[in-house]
Amino acid sequence: MNTVALERIDNFLVLPETAPFVEYVISQAEDKYCWFVYTAADNAKLLAQLAAQQAEQSKQARLSVMLQGTFEPLQRQGNLLLLPEWLCSSELPLQFYLKQVFSL
């Protein structure tokens with residue numbers, strides 16, 4: 001799994017030039033100041049793995065998987081990702097990372 005810190009410029013995150021031109025989503029990490037950006041395909045695969053691991057578990061475990069699966073699609077303009085308005089208005093010192101789980 002590759003993790004790359006993303007630069008934030010105003011309401012945008014700057015993707016590396018090598019990032020594939022696909023859809024991206026953003027999801028909060030365990031730390032309230034940390035956010036992960038995944039390709040939509042990687043995010044779907046991760047959620048499927050979590051669901052499969054928890055399939056035989058209790059209702060509480062399934063609820064945990066659902067909460068971990070909370071994400072929001074991002075709009076892309078060239079190598080920039082537009083952050084959601086509610087996230088831009090945050091006064092917290094947020095950090096953003098591109099997570100490439102299922103690399104090319």
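Read on for an overview of the structure. (Residues numbered from 1 in each chain as written. Predicted model: local features only at pLDDT ≥ 70, side-chain atom pairs only at ≥ 80, totals over all residues. Heavy atoms only, no water.)

## Things to note about the pairing of strand 4 (residues 24–28)
Stage number 1. In terms of burial, strand 4 is largely enclosed, as four of its five residues are buried.
Stage number 2. For strand 4 and strand 5 (residues 34–39), the ladder comprises five bridges, and the chain directions are antiparallel. Within strand 5, the residue paired with serine 27 across the bridge is phenylalanine 36.
Stage number 3. Counted between consecutive antiparallel strands, the loop separating strand 4 from strand 5 contains five residues.
Stage number 4. Bridge count for strand 4 against strand 6 (residues 72–77) is three bridges, and the pairing is antiparallel. Residue pairing in the sheet places tyrosine 24 in a bridge with leucine 74 of strand 6. (Buried < 20%, exposed > 50% of the residue type's maximum accessible area, 1.4 Å probe, protein only. Helix = DSSP H or I, 4+ residues; strand = E, 2+ residues; numbered from the N terminus. Pairing = 2+ DSSP bridges.)

## Describing the packing of aromatic side chains
Stage number 1. For the coordinates displayed, the defined rule picks out three aromatic pairs.
Stage number 2. Following the ring pairs from residue to residue traces out a cluster consisting of Phe36, Tyr38 and Tyr97.
Stage number 3. Seen from the ring of phenylalanine 36, lysine 99 lies directly overhead, with NZ or CZ sitting 4.6 Å from the centre. (Phe/Tyr/Trp six-rings, centres within 6.5 Å; stacked < 30°, edge-to-face > 60°. Lys NZ or Arg CZ within 6 Å of the ring centre and 35° of its normal.)

## Brief notes about the sheet that holds strand 6
Stage number 1. Judged by pairing direction, the sheet is mixed, and its eight strands sit side by side in the order 1-8-5-4-6-7-3-2 without closing on themselves. Across the chains shown, the open sheet's two edge strands, defined by having one partner strand only, are strand 1 (2–5) and strand 2 (7–9). Strand-to-strand, the axes of this sheet are offset by a mean angle of 35°, without reference to chain direction.
Stage number 2. Pairing geometry for strand 5 and strand 8 (residues 95–100), over four bridges, is parallel. Within strand 8, the position partnered with tryptophan 35 by the bridge is phenylalanine 96. (Axes fitted to C-alpha atoms, helices over the stretch in contact; angles between N-to-C directions.)

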